[in-house]
Each structure stands twice: as structure tokens, then as C-alpha cells.
Amino acid sequence: MDAIFNYLDNMFAHLPKTEEVVRAKNELGQMMEDKYNQLRAEGCSDNEAVGQVISEFGNLSELAEELGISNQYQSASSEDKFVSVTAAEGEAFIEKTKKAANKIGTGIAAILLGVISIIFFSGYAEGTFSPTLGGGEPNKIYIAVGLGLLFILVAFAVYLFVMTGITTEKYEIFEKKMVKLDPHYKLIIQEAKENHRPVLTRKISIGVGLILLAVAALAVSGILSEDNEALLISLVCVLLATVGVSVWLFLSGGMIQSAYDKLLNEGDYTLERRKSESVVQRWASPYWSLVVVVYLAWSFITADWSKSWIIWPISGVSFGLISTIIHAATSSKQ
Amino acid sequence: MISSDVIRGYTDIIILYLLMDEPGYGYEISRKITDRSQGLYTMKETTLYSAFNRLESNGYLRSFSGTETGGKTRTYYELTPQGRIHYQLKKDEWIVTKKVVDQFIK
């Protein structure tokens, strides 16, 4: 029953509280309540009754003229900002998002594994792990093996990213336009998002916890056994592996969350946010390409693979900072 | 399913007919529409309210607040004399419309 009044409140939330609007809301609420009670008396469950009442509610734009709010409906629809999404399309989109999250997570894990292998093998070649292997010509083989693995794994990751890009391309419109859902389906998505919230929180806390543990282990051993390079390199590898697992957790939780947000026009996908988000997106791709170039150039010129990875966490944090600034700048302009 | 475009011109006649003998309130009318059409047509709440509003401002309906026996206070709608005339006009219009369209139905 509350669901019906919540729904009605939502529908009227952005309308001016004129006498006509208040009267319309009361009358519609009365009719919906009567219908709900009747359906319940006929033996429908709470869910069924709410679903039927909401699906038979109709569309407020029908009342636009009577309520003197026609300008609002015109401005919203004439600029073609909306895209209608059916329940089947919405479900397919969520399913694709789940698969995309897995693929991107696997791709990132593959890249990190490649970085781990080059760090490990270049450490091995320099005789970090065993004094007998120090110096000498044949050790270049190990570097070659590490690099080879890196390229194979990166190629695999790029393949996964491209495949994901192709399958999710047709849903790009959900990022740009406001989504209009069937009211009954909207209710289902709202519930799904609510159920997903604790899952997301758990995934983020586990991911952050793992990374903090690995960073702490690295920092502590860096202080205690400064000279034990073998231990430090191994811990860097462990840290990168941990980042791989955590990123996978963040992606699988976060991408589903943003799929719900896109469908509901909430979170990062409200009208104002969508505007500033497109600015961030224009930034993101040249930014990350530059980071990759800097990382590869630094690594190949100095051959210091065990240090150059630091560029990733630094550019990740900077990216977060830049997008926050862009969001703040765009919203203050409005 | 009946498309809302087709029936839009006849929401008035449906509502006026159902208020012909006695006043009624929103959901009561809505349920009578579904029952009388044997479930083939259910009028959306917004369509119904929009029609009440329009019919009232045209002077075909009058609204008053009333209480059901042992029940809640509701807004009731009642047909005015102009409403009865309007119903007759719409009825004549429909008879002609039906006759015309029927000429093109095999």
C-alpha cells in the first residue's frame, strides 16, 4: 500500500503545488487506494495489487493541460532527451552488464598478471632471488619471457575489452539519454537496486580491505627489511594480484549498480550529472592512453619494471580528483 | 487491447452514461467501465480524472463531497442538465459514426 503512495509522490514530486495539482493528486490517490482495497478483497497479494494499480495508473502528461503544467512536459519531450525502455530490454541490458563486468575484470586481471610476470622475471634475471644468477648474458632470456607473457596477456585483455565494447555498444544510448521505464518495471528495478546495495557495500569493503592489507605488508617490510629485495618484489607482485582481485570485485558490484542507476536516472545519471559525465568521458580516453604511453616509455627506457607500476595508482587517484573537479565545476555553472 | 487513441473520443459518453441514474465516485465509475466492457477495456486513472475535470469545467458534471454509508469521504460526480444534452449529442454522433465505419467493414 505504501508503494502506491510512494509512486504517486514520485510522479508529483516535480510539479508546482497549485490547487489543481493537489486536488488531482488527492483524487488519483483515492481512486488508487479504492482499487487496491478492492483487489486485495478479491484475493490478490499485496504485490499483485500494487503492480496492477500502478500499471493501470496511466500517464500524467494526459493531465498536463488541466493542471497548467504543459510547458514542463513539452520541454522534456521536445528536446528528445528520453529513451523508452521495455522490461525485456532492461533485463537484457542488466544481463549484458553482468557479463561485461566479468570480461573487463578478467582483462584487467590479465594485464596485472602480465605486469607481475615482467616484474618477477626481470627481478629473477637480475639475480634478486638467487645470487648464483647475478649478472651475465643468458639472463636476458628471462626478461624476454616476462615481456612475452606481458604482451600475450595484454593482447588477451585488449581482445576482451574490444569484445565487450561491441556487445555493449547498443546500450550506450542509456548513458546519454534519460531513461523512461514502464512504471511497474521501474518498481521492480528499484527493489533490485535496494537488494543490491548490501552486496555492493560488501564487495567494496572486501576489496579495499585486501588492498590495504597488501599495501601495509609492503610498507612494513619496506621499513623492516629494506635490503631484502626478493621479499619486496614478491610483495609488490602480491599487491598487484590483490589489486586484480579487488578491481574485479569493484567492477562486478559497481557496474551493476550503475546499470540500475542508468535505468532509474539516479546517482551519476540524473539529468545534471549526465551533462557533466559526458565531459569526463571526453577526457578519460586521451588521459588513459597518455598514462599507458608514459608507463611503457618509462619502463622500457629505465628497465625499472619493479618501480614503474607506481604510475597506475597515482593516475587512478588523479583521475578521481579530476572527475570530481569537473562535476563540481559543471554543477556550479548551472 | 483497445488503443487509447480510438476510444479517446468516447470517454465522455462512457462516463456520462454511467452517471445517468445516480451520482458516483472515481473508482466506482472505473470499476463499472471494466465490468460493463467485460474486462476488454480498463480506463487508466489519469484518463478518468482528466475526463472528470474536463466535463466539470464544461458544465456537464458537478462535483460534491459525500460520505458512503459507514465509509470514507469521497468526491462524487453528478450529471447536470447540460450533461444530459451533451450525452444525447454524443450518442447521435456515435450512431452516425458507427453507420459510416460499418460501411467499410467486411
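Quick caveat: nothing in here was measured; it's all calculated off a predicted structure.

K.L.:
Run through the overall build of chain B, naming residues and quoting values.
P.N.:
Within chain B, the regular secondary structure consists of five helices and three strands. The order of α-helices and β-strands along chain B, N terminus first, is α-α-β-α-α-β-β-α. Referenced to the eigenvectors of the C-alpha coordinate spread, the extents of chain B come out at roughly 55 × 30 × 20 Å. Burial status across chain B gives 42% buried among its 106 residues. Once local pairs closer than 6 in sequence are excluded, the contacts in chain B between residues at least 24 apart make up 49%. About 6,400 Å² of surface is accessible on chain B, with carbon and sulfur atoms providing 55% of the total. Of note, chain B has its 15 positive side-chain charges centred 3 Å away from the centre of its 13 negative side-chain charges.

K.L.:
Now, about the pairing of strand β1 (residues 82–85) of chain A: what can you tell me, with residues and values included?
P.N.:
Residue and element names in this part refer to chain A. Across the two faces of β1 the burial differs, with V83 and V85 buried and F82 and S84 not buried at all. Sheet analysis places β1 next to strand β2 (residues 178–181), joined by four bridges and oriented parallel. Within β2, the position partnered with S84 by the bridge is K180.

K.L.:
If you had to explain the domain arrangement of chain A to someone new, which residues and values would you point to?
P.N.:
Residues and elements named next belong to chain A. Here the domain parsing of chain A yields domain 1 (2–69) and domain 2 (92–269). Taking only C-alpha atoms, the centre of domain 1 and the centre of domain 2 are 45 Å apart. With six residues of domain 1 in contact, the opposing surface of domain 2 contributes four residues. Counting across the interface, domain 1 meets domain 2 through zero salt bridges. If you look at where domain 1 meets domain 2, you find zero residue pairs in polar contact (both at pLDDT 80 or more).

K.L.:
Tell me about the side chain of B:T47, and name the residues and values.
P.N.:
Mapped onto the secondary structure, B:T47 falls in helix α4 (residues 45–57). Classification of B:T47 by relative accessible area gives buried; the value is 16%. Not counting chain neighbours up to four residues away, the residues in contact with B:T47 comprise A:E62 and B:T11.

K.L.:
Give me the confidence of the model for chain B: which residues, what numbers.
P.N.:
Looking at chain B as a whole, its pLDDT mean stands at 89, while 96% of the residues score no less than 70. By mean pLDDT, helix α1 (residues 4–8) of chain B is the weakest element of chain B at 77, and helix α5 (residues 81–102) of chain B is the strongest at 93.

K.L.:
Explain the sheet that holds strand β1 (residues 24–25) of chain B residue by residue, including any values.
P.N.:
Residues and elements named next belong to chain B. Judged by pairing direction, the sheet is antiparallel, and its three strands sit side by side in the order β1-β3-β2 without closing on themselves. If you trace the sheet from one side to the other, it starts and ends with β1 and β2 (61–67), each paired once. Sheet topology places β2 next to strand β3 (residues 73–79); seven bridges connect them, and they run antiparallel. Of the residues in β3, the one forming a bridge with L61 is L79. Packing against the sheet, α4 makes contact with β2 and β3, and its axis sits at approximately 120° to β2.

K.L.:
If you had to explain the packing of helix α1 (residues 2–12) of chain A against helix α2 (residues 19–41) of chain A to someone new, which residues and values would you point to?
P.N.:
Residues and elements named next belong to chain A. For the pair α1 and α2, the least separation of the axes is 10 Å and the interaxial angle reads 155°. Classified by the angle their axes make, α1 and α2 are roughly antiparallel. Where α1 crosses over α2, the two elements pack in a sense that is right-handed. Only V21, A24, K25, L28, G29, M32, E33 and Y36 of α2 make contact with α1, whose side of the interface consists of I4, F5, Y7, L8, D9 and F12. Partitioned by chemical class, the residues of the contact of α1 with α2 number ten nonpolar, one polar and three charged.

Reading guide: rules and limits
Residues numbered from 1 in each chain as written. Chains lettered and ligands numbered in written order. Predicted model: local features only at pLDDT ≥ 70, side-chain atom pairs only at ≥ 80, totals over all residues. Heavy atoms only, no water. Helix = DSSP H or I, 4+ residues; strand = E, 2+ residues; numbered from the N terminus. Buried < 20%, exposed > 50% of the residue type's maximum accessible area, 1.4 Å probe, protein only. Contact = heavy atoms within 4.5 Å. Areas by Shrake-Rupley, 256 points an atom, 1.4 Å probe, with all protein chains shown as cover. Lys, Arg positive; Asp, Glu negative; His and termini not counted. Charge placed at Lys NZ, Arg CZ, Asp CG, Glu CD. Pairing = 2+ DSSP bridges. Domains from an automatic or database assignment. Salt bridge = Lys/Arg side-chain N within 4 Å of Asp/Glu carboxyl O. Polar contact = N/O pair within 3.5 Å; in protein donor to acceptor, adjacent residues only side chain to side chain. pLDDT = per-residue confidence, 0-100. Axes fitted to C-alpha atoms, helices over the stretch in contact; angles between N-to-C directions. Parallel < 35°, antiparallel > 145°, perpendicular 65-115°, else oblique. Left-handed = near helix turned anticlockwise from the far one by under 90°. Nonpolar A, V, L, I, M, F, W, Y, C, P; charged D, E, K, R; others polar.

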